[in-house]
Amino acid sequence: MRKLANILGLLALSACTAKPQPVEQALLSVSVAQVRASTDVSRVAAAGTVRLRQETNLGFTSPGRIARIAVNPGDRVAKGQLLATLDMTTVSAQLGAASAEQLRAAAELRRAKALLAGGWVSPARVDTAQAAYDAAVAGTRVRRFATDTARIFAPSAGVVLARPAEPSQVVDSGTPVIVLGEEVRGYVLKVPLSDRDAARVAVGAAATVQIASLGGASIDGHVVQIGGRADQGTGTFEAEIRLPAAPGLRSGQIGRAAIVARDQSAGVLVPPAAVFAPRAGEGFVYVLRHGSDRVSLRKVAISEAQDQGVRVLSGLAPGEWVIVSGVDRLHDAQRVRAQRRPE
């Protein structure tokens, strides 16, 4: 009995001192994709309206009643062509009155000079007559200018875009009567750009334009002007893209443009599924550690999303591997079973 008790005691002691066998925990299987350098040209997309680059409001330099408007919207005109005239009754009468005053002032000046030579008047009398004559000459010049500009001629060849006034209407000086698009300056596509996109676009940048009403064929253009200040209502900057001469171009057509952007950094491209929690130009990715089966959480600076992927400006290098599946179940330093995503 004593021997049996000793054996049972040894077995119990052995059971108490035995170590439990470890249980291997299953690793999460994830897909990984390799980070690659961005070789694609970045572009800014925008939509806008075709306009003649030089659109001029034409009006009379003096008030009066419109006698005739010789053109209609859509008419093409040649340089120097008569567009509109004022009723000449008033301006001709004013010119006649000014000319008569100039003749009277000239006669008075001659008489004052003759009296001064005979000692009958003082030099001050001649000075007064001279001043009156000079004023009369200036008045005649003004009235003659008003007469000469009582007719509007086309400053260059172009197309009539609008006719805000009508015959028999009484207009003030400077009131637009004809809006002329000067074709010599060509057509542009005017597009609004956000402040971020305006900072990435430079004058001279190439652009590809498509106009639906012309069949949607691609037209090569380039940026010729970017607004110096944002529109107070929309906060956007207006950019002008010069268009080559093409049949069918008309002011008011709608077009879309892809403008080559000035990248501050080429960056790298990663699949969209790799980036999570994006906010204010930043996001997060999980990176597979080099030579390890553990992942690292990393913050990255991101730019726009493209068809090829999300452009990452900093935080990743070409050749690194990022997790593209199961990112919502990962944490920093977690071990994973990585499987390359098929290209």
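Numbering of residues begins from 1 in every chain and follows the order in which that chain's sequence is written. With the structure being a predicted model, the display of local features is reserved for residues of pLDDT at least 70 and the display and counting of side-chain atom pairs for 80 or more, all residues being used for whole-chain, interface and lining totals. Where side-chain values are given, they derive from all heavy atoms of the structure, hydrogens and water being excluded.

**Focus: the overall build of the protein chain**
Looking only at helices and strands, one finds four helices and 23 strands in the protein chain. A total of 343 residues make up the protein chain; the buried ones form 34% of that total. Within the protein chain, contacts between residues at least 6 apart in sequence are counted, and of these 71% link residues at least 24 apart. Here the open area of atoms and residues is found with the Shrake-Rupley method and a 1.4 Å probe, where only the protein chains shown may cover a residue. Counting every atom, the protein chain has about 20100 Å² of accessible surface; 54% of that belongs to carbon and sulfur. Secondary structure counts use DSSP, requiring at least four H or I residues in a row for a helix and at least two E residues in a row for a strand, with both numbered from the N terminus. Summary of the burial criterion: residues with accessible area below 20% of their type's maximum are buried, those above 50% are exposed, and those between are partly exposed, where the area comes from a 1.4 Å probe applied to protein chains only. In what follows, residue pairs with any heavy atoms lying within 4.5 Å of each other are defined as contacts.

**Some remarks on the nonpolar core**
Across soluble globular proteins, you tend to see nonpolar side chains buried next to one another. Nine residue types can take part in a nonpolar core, namely buried Ala, Val, Leu, Ile, Met, Phe, Trp, Tyr and Cys, and a core is a set of them joined through side-chain atoms within 4.5 Å. Leu 189, Leu 193, Val 209, Ile 241 and Ile 259 are the most contacted members of the largest nonpolar core, which totals 25 residues. Where this core is concerned, the elements lending two or more residues are strand S3 (43-52), strand S12 (187-193), strand S13 (206-211), strand S14 (218-226), strand S15 (237-243) and strand S16 (254-260). What Leu 193 contacts, discounting residues up to four positions off in sequence, is Val 44, Ala 46, Ala 198, Val 201, Thr 236, Phe 237, Ala 239 and Ile 259.

**Looking at helix H3 (residues 123-148)**
Every helix has an expected span of 1.5 Å times one less than the residues it contains. Here H3 spans 38 Å end to end across 26 residues, near enough to the 38 Å set by a 1.5 Å rise per residue. For H3, the set of buried residues is Val 126, Ala 129, Ala 136, Val 137, Thr 140, Ala 146 and Thr 147. On the buried face of H3, the contacting elements are helix H2 (88-117).

**Some details on the sheet that holds strand S7 (residues 82-86)**
Two strands are said to pair when DSSP picks up at least two bridges between them. Spatial ordering of the open sheet is given by S8-S7-S5-S10, a layout of four strands whose pairing is antiparallel. Of all the strands in the sheet, the pair left with one neighbour each is strand S8 (151-153) and strand S10 (170-171). Bridge analysis of strand S5 (residues 64-69) against S10 gives two bridges, and the strand direction is antiparallel. Across the sheet, Gly 64 pairs through a bridge with Val 171, a residue of S10.

**Describing the pattern of salt bridges**
Where side chains of opposite charge bring their charged atoms close, a pairing between them can arise. Criterion for a salt bridge: a side-chain nitrogen of Lys or Arg within 4 Å of a carboxyl oxygen of Asp or Glu. All chains considered together, the criterion is met by 12 salt bridges. With a shortest N-O distance of 2.7 Å, Arg 111 and Glu 108 are connected by a salt bridge. Placement of the pair is Arg 111 and Glu 108 together in helix H2, with a separation of three residues, close to one helical turn. The class of Arg 111 is partly exposed, set by a relative accessible area of 44%. Among the ionic pairs, Arg 298 bridges to Glu 320, the shortest N-O distance being 3.0 Å.

**Points about the sheet that holds S12**
Strand order around the closed barrel formed by six strands is S3-S12-S15-S14-S13-S16, with antiparallel pairing between neighbours. Taken over all neighbouring pairs, the strand axes of this sheet differ in orientation by 40 degrees on average, direction set aside. The pairing of S13 with S14 spans five bridges and is classified as antiparallel. Along S14, the bridge assignment pairs Val 209 with Ile 219. Axis definition: a line fitted to C-alpha atoms, over the contacting stretch in the case of helices. Angles run 0 to 180 degrees between N-to-C directions.

Everything listed is a geometric property; what it means functionally is a separate question.
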